[in-house]
Amino acid sequence: VDLDGIKGIVPRAEVSATVGRDGLPMPVASITKVNKKVQFKIKDIKQENGNVEVVLSRKDVEIEVKKWMFENLKEGMILSGIVRNMEQYGVFIDVGGGVTGLLHIEDISVARIMHPSERFKIGDKIKVMVKSFDRDTGKIILTYKELLGTWEDNIKEFREGTTVIGIARAREKNGIFVELRPNLVGLADHKPGVEYGEH
């Protein structure tokens, strides 16, 4: 690890608190951190012949964060997070010290989207709200749409009779749902040839 020109080393046993069958963190735990900023705790500082080497632990940070979360985390809390991975069903958010929560696709916005990449990209720093936290399993479920304002907040600038640009989303029997804002959806009459995502 580059610590502003000082060499840092993270022994494999200190890479993560999550271990495999051999009792050590899986190699992927190291590989996925390459070229990313990561939090560590200093375990030791070695000096030899004018060279400094700092021994670091990612595991200690994870353990400290998990302990804090077990004691303090509750539904409705707002956390800062970083988008780490995306799947069709949702986004994995690092909420601190490598602890990850899941943001399901239906909790990203009121407007339905087909994939989380329509809202986020890997590395985005976002605010999220804790939807639920299971202390037995450590599973954290997050939500984002609650932070985008209520229907009343989002409708304020819209007036009857004005022309607005929206994004075509779901097509139903009774019309096309149009996203005016991530948390504000309108219903338009059917129009042939309108595709998902079209403005």
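Above this note sits the structure.
Counting from 1, residues in each chain are numbered in the order their sequence is written. Per-residue local features are limited, in this predicted model, to residues with pLDDT of at least 70; the limit for side-chain atom pairs, both in listing and counting, is 80 or more; totals at the level of whole chains, interfaces and linings are taken over all residues. Only hydrogens and water are set aside when side-chain values are computed; all heavy atoms of the structure are taken into account.

Participant: How should I be thinking about helix α2 (residues 59-72) in this particular structure?
Facilitator: Every α-helix winds through 3.6 residues per turn, so residues three or four apart in the chain are directed the same way. Along its 14 residues, α2 runs 20 Å from first to last C-alpha, staying within 8% of the 20 Å computed at 1.5 Å per residue. Residues Val-61, Glu-62, Val-65 and Met-69 constitute the buried set of α2. Taken around the axis of α2, the buried residues stretch over an arc of 100 degrees, which confines them to a single face. The exposed residues of α2 that point more than 90 degrees off its buried face are Lys-67 and Glu-71. Where α2 is buried, its residues touch β3 (41-48), β4 (51-57), β8 (125-133) and β9 (140-143). Helix and strand definitions here come from DSSP, where helices need a minimum of 4 consecutive H or I residues and strands a minimum of 2 consecutive E residues; each element is numbered from the N-terminal end. Residue count minus one, scaled by 1.5 Å, sets the expected span of a helix. The buried label goes to any residue with under 20% of its type's maximum accessible area, the exposed label to any with over 50%, and the partly exposed label to all in between, with areas taken from a 1.4 Å probe on protein chains only. Picture the helix axis, draw a direction to every C-beta atom, and the arc is the one those directions span. Contacts: residue pairs with any heavy atoms within 4.5 Å of one another.

Participant: Would you take a moment to explain the sheet that holds strand β10 (residues 167-172) for this structure?
Facilitator: Paired through backbone hydrogen bonds, the strands of a sheet run either parallel or antiparallel to each other. The strand order across the open sheet formed by three strands is β10-β11-β12, and the pairing between neighbours is antiparallel. Two strands bound the open sheet, and with one partner strand each, they are β10 and β12 (184-188). Within this sheet the neighbouring strands show an average axis-to-axis angle of 30 degrees, counted without direction. When DSSP locates at least two bridges between a pair of strands, those strands are taken to pair. For helices, the fitted line uses only the C-alpha atoms of the stretch in contact; every axis is such a line through C-alpha atoms, and the angle between N-to-C directions lies from 0 to 180 degrees.

Participant: Mind showing me how you'd approach the environment of Ile-165 here?
Facilitator: Assignment of secondary structure puts Ile-165 in the loop between α3 (151-155) and β10. For the pair Ile-165 and Leu-180, spaced 15 residues apart in sequence, the C-alpha to C-alpha distance is 7.0 Å. Once you skip the residues sitting within four places of it in the chain, Ile-165 turns out to touch Leu-180 and His-199.

Participant: For this particular structure, what's the right way to read the side chain of Thr-143?
Facilitator: Among the secondary structure elements, Thr-143 is positioned in strand β9. Contacts described as polar in this section are N or O atom pairs within 3.5 Å, which, within protein, must combine one atom able to donate a hydrogen with one able to accept it, while residues neighboring in sequence count only if both atoms come from side chains. In terms of polar contacts, Thr-143 uses its side chain to reach the side chain of Glu-146, at 2.3 Å.

Participant: What exactly am I supposed to notice about a nonpolar patch on the surface here?
Facilitator: Taken together, the side chains of Ile-6, Ile-42, Ile-45 and Val-52 present a nonpolar region at the surface, about 340 Å² in accessible area. Mapped onto the secondary structure, Ile-6 falls in strand β2 (residues 6-9). Each patch is built from residues that are more than 30% exposed by relative accessible area and take part in no salt bridge. Like charges join if they lie within 9 Å; nonpolar side chains (Val, Leu, Ile, Met, Phe, Trp, Tyr) join within 5 Å. Computed with a 1.4 Å probe, the accessible areas rest on the Shrake-Rupley method; for each residue, only the protein chains presented here act as cover. When a carboxyl oxygen of Asp or Glu lies within 4 Å of a side-chain nitrogen of Lys or Arg, that pair is called a salt bridge.

Participant: Is there a simple way to explain the packing of aromatic side chains in this structure?
Facilitator: The description of an aromatic ring pair rests on the distance of the ring centres and on the angle between the ring planes. Between the rings of Phe, Tyr and Trp (Trp by its six-membered ring), a pair exists once the centres lie within 6.5 Å; its type follows the angle of the planes, with under 30 degrees stacked, over 60 edge-to-face, and the other angles tilted. Inspection of the entire model under this criterion finds two aromatic pairs. Ring centres of Tyr-89 and Phe-92 lie 6.2 Å apart, and the angle between their planes is 90 degrees; on these two criteria the pair is classed as edge-to-face. On the numbers, 5.0 Å between centres and 85 degrees between planes, the contact of Phe-120 with Tyr-144 is edge-to-face. With Phe-120 in the loop between β7 (100-104) and β8 and Tyr-144 in the loop between β9 and α3, the pair connects residues that are 24 residues apart, well separated along the chain. With respect to burial, Phe-120 and Tyr-144 carry one shared label: buried. Each ring is checked for a lysine NZ or an arginine CZ that lies within 6 Å of its centre and within 35 degrees of its normal; such an atom marks a charge sitting over the ring. A cation over a ring is seen here: Arg-135 above Phe-70, with NZ or CZ 5.9 Å from the ring centre.

Participant: I would appreciate a short explanation of the nonpolar core in the present structure.
Facilitator: In summary, soluble globular proteins display a tendency toward joint burial of nonpolar side chains. Nonpolar cores were defined as sets of buried Ala, Val, Leu, Ile, Met, Phe, Trp, Tyr and Cys residues, with membership established by side-chain atoms within 4.5 Å. By size, the foremost hydrophobic cluster in this structure holds 23 residues, and its most contacted members are Val-95 and Phe-120. For this core, the elements supplying multiple residues, two or more each, are α2, β5 (78-87), β6 (90-94), β8 and β9. Examining the composition of this core, we find that four residues originate from one element, β8, more than from any other. Setting aside chain neighbours within four positions, we find Phe-120 in contact with Val-83, Met-86, Val-91, Leu-103, Ile-108, Ile-126 and Tyr-144.

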